[in-house]
Amino acid sequence: MKKIVIAPDSFKGTLSSLEVCNLVKKSLLEERDDLEIIELPIADGGEGMTESFMCAFPDSEKIELKANSPLGREIDVYYAIISGDTAVIEMAMASGITLEKENDAMRASTYGTGQIIKDALDKGVRKFV
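Residues numbered from 1 in each chain as written. Predicted model: local features only at pLDDT ≥ 70, side-chain atom pairs only at ≥ 80, totals over all residues. Heavy atoms only, no water.

Engineer: So what's going on with the nonpolar core? Which residues, and what values?
Structural biologist: Of all hydrophobic cores here, the largest spans 15 residues; its most connected members are Val77, Tyr79, Ala87, Ile89, Ile116 and Ala120. Looking at this core, the elements that each hand over two or more residues are β3 (61–68), β4 (74–82), α3 (92–95) and α4 (111–122). Contacts of alanine 87, omitting those with residues within four sequence positions, involve Tyr79, Ala80, Ile81, Ala120, Val125, Lys127, Phe128 and Val129. (Core = buried A, V, L, I, M, F, W, Y, C linked by side-chain atoms within 4.5 Å. Buried < 20%, exposed > 50% of the residue type's maximum accessible area, 1.4 Å probe, protein only. Helix = DSSP H or I, 4+ residues; strand = E, 2+ residues; numbered from the N terminus. Contact = heavy atoms within 4.5 Å.)

Engineer: Describe in detail the sheet that holds strand β6 (residues 127–128), supporting the description with residues and values.
Structural biologist: One open sheet accounts for four strands, arranged β3-β4-β5-β6; its pairing is mixed. Looking at the sheet topology across the chains shown, the edges are occupied by β3 and β6. Across the sheet, helix α2 (residues 49–56) is in contact with β3, β4 and β5 (86–88); its angle to β4 comes to roughly 35°. In this fold α4 packs onto β3, β4, β5 and β6, with an angle of close to 140° to the strand it touches most, β3. (Pairing = 2+ DSSP bridges. Axes fitted to C-alpha atoms, helices over the stretch in contact; angles between N-to-C directions.)

Printed below as a string of C-alpha cells:
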C-alpha cells in the first residue's frame, strides 16, 4: 500500500487548505483505492492558520463571534483555543485583504483582530499564537 501525504497551503480567497486536502484525496481515491492518505492542512501564518491548528489539535475548541472587517462591516469570525489555555488567532480572519472588494488602506483598520484578542482575554486566555 502506498502512503501519500497531502500538505497544501490555502489558495488565497478560494479554497482553504482543508478543502484542498479533501479535493485531492477524493481525486486520488477515485483513481486508486489502495492508497493510505494522510491529510495535513498547513498555513504560512496567514489565511487558514487557525483551521490548520484545529486539524493538528483535534481537542481544540472553535470560538465563533462577530468582529469588524477592515472597513468596519460586521462579519463572522472564529479563533481556536487549544489545550484549554492557548488562543490561535489568525489576523487574516478579521483584517485580511480578501475580506473587502475595495482596497482602501487609508480607511482600513485591524480593529477586528483586536476584538478577537479581547474575546480570548475575556475568556481568561493568556497564551497566544
